[in-house]
Amino acid sequence: MASPQTTQRLLRELKEYAASPNDALLHLGPVTDNDLLDWEAVLKGVKDSPYEGGLWALRIRIPETYPLTPPSIRFTTRICHPNIHFETGEICLTLLTSEHWSPVYTLSTTLTAVQQLLTDPRPDSPLNLDVANLLRNGDVAGWESLVRYFTMEERWNMN
Amino acid sequence: MDPSFDLPDSTDWLNTPLSLLAPLESSLRCQVCKDFFNNPVITSCSHTFCSLCIRRCLSKEGKCPACRTSDQELKLRRNWAVQEFVEAFTNARPGVLDLAKKAARGDVGLEQPASKKRKVEHGEDRESDSVGADGVRTRSRSRRLDPQPETGIVEAVEDSQDEDFIPEDGLVACPICNKRMKNEAVFRHLDACTGSASPNKSRNLGPLQVSQTSRSPGNNTTEKPPGRLPTLNYSILKEGVLRRKLRDLGIPDWGAKQLLQKRHTEWMNLWNANCDSKTPKSMKDLLRELDIWERTQGGHAAAASAFAPPSVMRKEFDKEAWSATHDDDFKRLIAKARKKSEEQVRTTIPKMEELPSESSKAAADGPVTNGDKPESPRLPSAFLGPAEVASNSAPSLGPSPNPEM
Ligand SMILES: [Zn+2]
Ligand SMILES: [Zn+2]
Ligand SMILES: [Zn+2]
């Protein structure tokens, strides 16, 4: 069971998101009505980037100690990005590490950061070596077309 | 939102003529718990949080959650102005919100915040009419007229200055019955204290109030409740010593050393935050809060069920009652949020299908309310980068064993 302070905080986030949604997201909320510690989100691709038009589902596990400790977030839709594992969906983002996490981040702002990561790849700390190597070798065109392909190919849809 | 679900927050002002109050209310809420500041304290980097929230953060990471300045456990100070502001605002809130909602429905005339002149008139009306606001003003005024005029020194709450608070007789008073005793004895006494005297609640005899009184000359004999708990260097404490320490504090002493540490830290935070309160809670209430912690994050939490707890400790916190009162509320809220989100998805998806040429339009779709967005802490760009630690170590960062994912 989540602690009262964690529950309160998550309910506030939920209400705030409902009243004031995030442009980066198509959806954010608990997966079921019964578990407030298990959320899902659908992220939108950034306009004017190779990810434009993409939709990816993410799964968010929230620890009992949230917001003192970071949520664990991974893509469940496959995405082609040097810092995101193609198969497991694991994301390499500093603010998701306990060292750099801050309790002032919300799930919504954190997902905004994930969206920003899409347009700001760091091939030097790769989780997807193949994609990272394209970038490291300066093959931006090759990278972009690969990204575009998978963005459309894997695009999340409701069913 | 569903009016039957009452979780007041700053978004309540959106879509009313008083939408500009949303950011105002946001600024009166703690960024950690999102609730109104409760016993607000200010850090050395000048950020304000609830006393308990920032204490928990600092024991976890040692850094300010807002700006990541480190090294400040001992420098928290009460923020009286913010506390009064929160009290005044929350007193006025229901009435003003009610008015704003009526106005939004067209029941009452309340101009959109276009005309400044009009707004000023409203402000004046409220001041003279509002009983609530007057009550608050009176109260805060009388507090300022209390024994001590502003001296600007002793609002200070420094854990490092605990020694300064110890009165000359070396004794302290039980915050419940006021009986004087040795500092070490208070914790045990509190456990058994019947609290019959239930004193001075009206006089706000919290530790801080006491420290203020001590400013007045000749008042040195005023009772003082036990001081703040110092941090312990757990690494140099043997398990047995730590266990005895917990027993002396009057809190459960079972479990392995790591759990003892966690429990001591939580207790210290609860205790010290209570010292920042104008109306401190009783030892009993604090123990109840510790028990809630025990159930949700401590030795009784699901993950830690290996620790065998004495069953006597179970009865204090009524978990079922707590979930029963909250479950319905949050299920309703969750259901509503999901429904709304689904609608959003449905309306967005068709447009997205005209991809890729039309995609840019769709991405910008949806209710864009950034202008009114109440809480959107800027993410420091330095933290947006991928984790450096992960470099070349992808295998070790494998997926966490979570079956649902
Ligand atoms: Zn707080
Ligand atoms: Zn700060
Ligand atoms: Zn002052």
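Calculation criteria
Residues numbered from 1 in each chain as written. Chains lettered and ligands numbered in written order. Predicted model: local features only at pLDDT ≥ 70, side-chain atom pairs only at ≥ 80, totals over all residues. Heavy atoms only, no water. Helix = DSSP H or I, 4+ residues; strand = E, 2+ residues; numbered from the N terminus. Donors = N, O, S within 2.8 Å, 3.2 Å for Na, K, Ca; no water. Tetrahedral: all angles 85-135°; square planar, octahedral: opposite > 155°, others 65-115°. Buried < 20%, exposed > 50% of the residue type's maximum accessible area, 1.4 Å probe, protein only. Pairing = 2+ DSSP bridges. Contact = heavy atoms within 4.5 Å. Axes fitted to C-alpha atoms, helices over the stretch in contact; angles between N-to-C directions. UniProt positions renumbered as here; feature names shortened; annotations may be inferred.

**Structural notes on unusual backbone geometry**
Residue and element names in this part refer to chain A.
Right, so step 1: Across the junction of Y66 and P67, the peptide omega takes the value 5 degrees, indicating a cis bond.
Right, so step 2: Among the secondary structure elements, P67 is positioned in the loop between strand 3 (55-61) and strand 4 (72-75).
Right, so step 3: Although it is not a glycine, D48 adopts a positive phi angle of roughly 60 degrees.
Right, so step 4: Its place among the elements puts D48 in the loop between strand 2 (38-44) and strand 3.

**Description of the coordination of the zinc ion (ligand 1)**
All names here are of chain B.
Right, so step 1: Around the zinc ion (ligand 1), the protein contributes the donor atoms C30 (SG), C33 (SG), C50 (SG) and C53 (SG), at 2.3 to 2.4 Å from the metal centre.
Right, so step 2: Here the zinc ion (ligand 1) is ringed by four donor atoms whose angles at the metal span 106 to 117 degrees, and the overall shape comes out tetrahedral.
Right, so step 3: Between consecutive donors of the zinc ion (ligand 1), the numbers of intervening residues give the motif C-x2-C-x16-C-x2-C.
Right, so step 4: With a relative accessible area of 16%, C33 lands in the buried category.

**Digging into the sheet that holds strand 2 (residues 48-50) of chain B**
All names here are of chain B.
Right, so step 1: The three strands lie next to each other as 2-1-3, forming an open sheet whose pairing is antiparallel. The open sheet has two edge strands with one neighbour each: strand 2 and strand 3 (77-78).
Right, so step 2: As defined by bridge partners, strand 1 (residues 40-42) adjoins strand 2 across three bridges and the pair is classed as antiparallel. Paired with V41 across the strands is F49, a residue of strand 2.
Right, so step 3: Here helix 2 (residues 51-61) sits on the sheet in contact with strand 1 and strand 2, set at roughly 100 degrees to strand 2.

**Considering the UniProt feature "domain: RING-type" (unreviewed entry) in chain B**
Right, so step 1: Within this numbering scheme, the UniProt entry marks residues 30-68 of chain B as carrying the feature "domain: RING-type" (unreviewed entry).
Right, so step 2: Helix makes up 28% of residues 30-68 of chain B and strand makes up 15%, while its end C-alpha atoms are separated by 16 Å.

**A closer look at the sheet that holds strand 3 of chain A**
Residues and elements named next belong to chain A.
Right, so step 1: Here four strands make up an open sheet; going across it, the order is 1-2-3-4 and the pairing antiparallel. Edge positions in the open sheet fall to strand 1 (25-30) and strand 4, since each of these has one partner strand only. With direction set aside, neighbouring strand axes in the sheet form an average angle of 15 degrees.
Right, so step 2: Relative to strand 4, strand 3 runs antiparallel, the two sharing four bridges.

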